[in-house]
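Structure assessment
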Amino acid sequence: MSQATTTFSRVRYGLAPWARIAGLAVCALLTLGPVVWTVSTSLRTPAEAFDLPPRIIPADPSADAYRGVFDQLDVWLLALNSTLVTALIAVGQMITAGLAGYAFARLEFRFKKPLFALVLATMMVPLQVTVVPVFLVLKSMSLTDTLLGLIVPAFPTAFGTFLMRQYFLGMPKDLGEAAMLDGAGPWRTFRSVYAPLAAPGLAIVGVLAFNYHWNEFFRPLILETSSQNYTLPLGLVSLQGNLGTGSVSVVLAGVVLSMIPAVAVFVVGQRPLREGITSAGVNR
């Protein structure tokens, strides 16, 4: 190999880490830029919110916009409704996804493959197509305009079922066979052997379900009519009137408040998820 080729290879491999870091930095800037601008604008006065060019750091930071949100909305009630709905949906999806994924991965029954294909096919059906039949069913059960009407229909999850099926397929069959030789049935094998090992996968399903349904707007808009049953994203719509008065800071302050729980769940769940998935991969 010539000296020029060796030098070029050294330069190429020496620059590669810096190029990756620069690319990640650009992606991080594009992702965090709108969030930083939202937080910054929420701390500005209405007059300063439309300054050109905009400042990243407000000249005179103020929390008046956040006080305006609490004055115009019952934030605690909206947050309580959203927390109740999203927490129960997350737990429900962890249970249904775990059971369905285990059944499709480890149990043998008739029409298993066609049924699994049907489950996956539901992922291609838009929510807007099914909302009317769901509304009619809930109306016949007197569950419209209730939080329970938001929670129960969201328990089935095709993506969670697919994710958990793949997770269970990656586990050794010997564990289940050993449990069955000791006299354990399918339910006992799932509960005592596979479910503890699948905790990282179930946690992923729960975190994704929480983040998705915390920000959900369409279903609450269709199913809820009473303000006492509004979730936080639906309640924030009433802040749009501030745009007509130029108080964009109040609107963005409400957006920042709605982001805090989702960010907290991500920060708290990030390390356990990473460690659980790493340990699961090592054990395999």
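These numbers come from a predicted model, not from an experiment.

How each quantity is defined
- Note on numbering: residues in each chain are counted from 1, in written sequence order.
- With pLDDT at 70 or above as the cut-off, local features in this predicted model cover only qualifying residues; side-chain atom pairs require 80 or more to be listed or tallied, and sums for whole chains, interfaces and linings still use all residues.
- As a rule here, side-chain values cover all heavy atoms of the structure and leave hydrogens and water aside.
- UniProt positions are given in the numbering used here, feature names are shortened, and annotations may be inferred rather than shown by experiment.
- Numbered from the N terminus, helices here are DSSP runs of H or I no shorter than four residues, and strands are runs of E no shorter than two.
- The criterion for an aromatic pair is that two Phe, Tyr or Trp rings (for Trp, the six-membered ring) have centres within 6.5 Å, with stacked assigned to planes under 30 degrees apart, edge-to-face to planes over 60 apart and tilted to the rest.
- Note on exposure labels: buried denotes an accessible area under 20% of the residue type's maximum, exposed denotes more than 50%, and partly exposed covers the range between, all computed with a 1.4 Å probe on protein chains only.
- Any Lys NZ or Arg CZ found within 6 Å of a ring centre and within 35 degrees of that ring's normal is scored as a charge over the ring.
- To estimate how far a helix should extend, the number of its residues minus one is multiplied by 1.5 Å.
- For the purposes of these results, a polar contact is taken to be a pair of N or O atoms within 3.5 Å, where, inside protein, one atom must be able to donate a hydrogen and its partner to accept one; residues adjacent in sequence count only when each atom of the pair is a side-chain atom.

1. Here we look at the UniProt feature "transmembrane region" (unreviewed entry) in the chain
- Mapped onto the present numbering, the UniProt feature "transmembrane region" (unreviewed entry) falls on residues 21-40, 75-103, 115-135, 147-164, 193-214 and 248-269.
- Taken end to end, residues 147-164 has its terminal C-alpha atoms 27 Å apart, with 67% of it in helix and 0% in strand.

2. Some points on the packing of aromatic side chains
- As enumerated under the stated definition, the model contains 10 aromatic pairs in all.
- Taking the centre distance of 5.6 Å and the plane angle of 45° together, the rings of Tyr102 and Tyr194 count as tilted. Pair noted here: Tyr102 is in helix H3 (residues 75-106) and Tyr194 is in helix H9 (residues 186-197), with a separation of 92 residues, a long-range link.
- Judged by relative accessible area, Tyr102 falls into the buried class, the value being 5%.
- Geometrically, the ring pair formed by Phe104 and Phe116 is tilted, given 5.2 Å between the ring centres and 55° between the ring planes. Taken together, the positions of Phe104 in helix H3 and Phe116 in helix H4 (residues 112-121) put the pair 12 residues apart, joining distant regions of the chain.
- Using a relative accessible area of 12% as the deciding quantity, one classes Phe104 as buried.
- You can call Phe116 buried: its relative accessible area is 10%.
- Members of the aromatic cluster, connected to one another through ring pairs, are Tyr102, Phe168, Trp187, Phe190 and Tyr194.
- Taking NZ or CZ as reference, Arg165 lies 4.3 Å from the ring centre of Phe116, over its face.

3. Re helix H7 (residues 158-169)
- With 12 residues, H7 ought to run about 16 Å at 1.5 Å a step, and its terminal C-alpha atoms sit 16 Å apart, in line with that.
- Considered for burial, the residues of H7 that qualify are Ala158, Gly160, Thr161, Met164, Tyr167 and Phe168.
- For H7, the N-terminal capping position is held by Thr157, with its side-chain oxygen 2.9 Å away from the main-chain nitrogen of Gly160.

4. Here's the deal with the environment of Arg44
- As for its placement among the helices and strands, Arg44 is situated in the loop between helix H1 (3-42) and helix H2 (64-72).
- On the basis of relative accessible area, Arg44 is assigned to the buried category, the value being 3%.
- Remark: the alpha-carbon pair of Arg44 and Ser247, spanning 203 residues in sequence, is separated by 9.7 Å.
- Only 3.2 Å separates the side chain of Arg44 from the side chain of Ser40, close enough to count as a polar contact.

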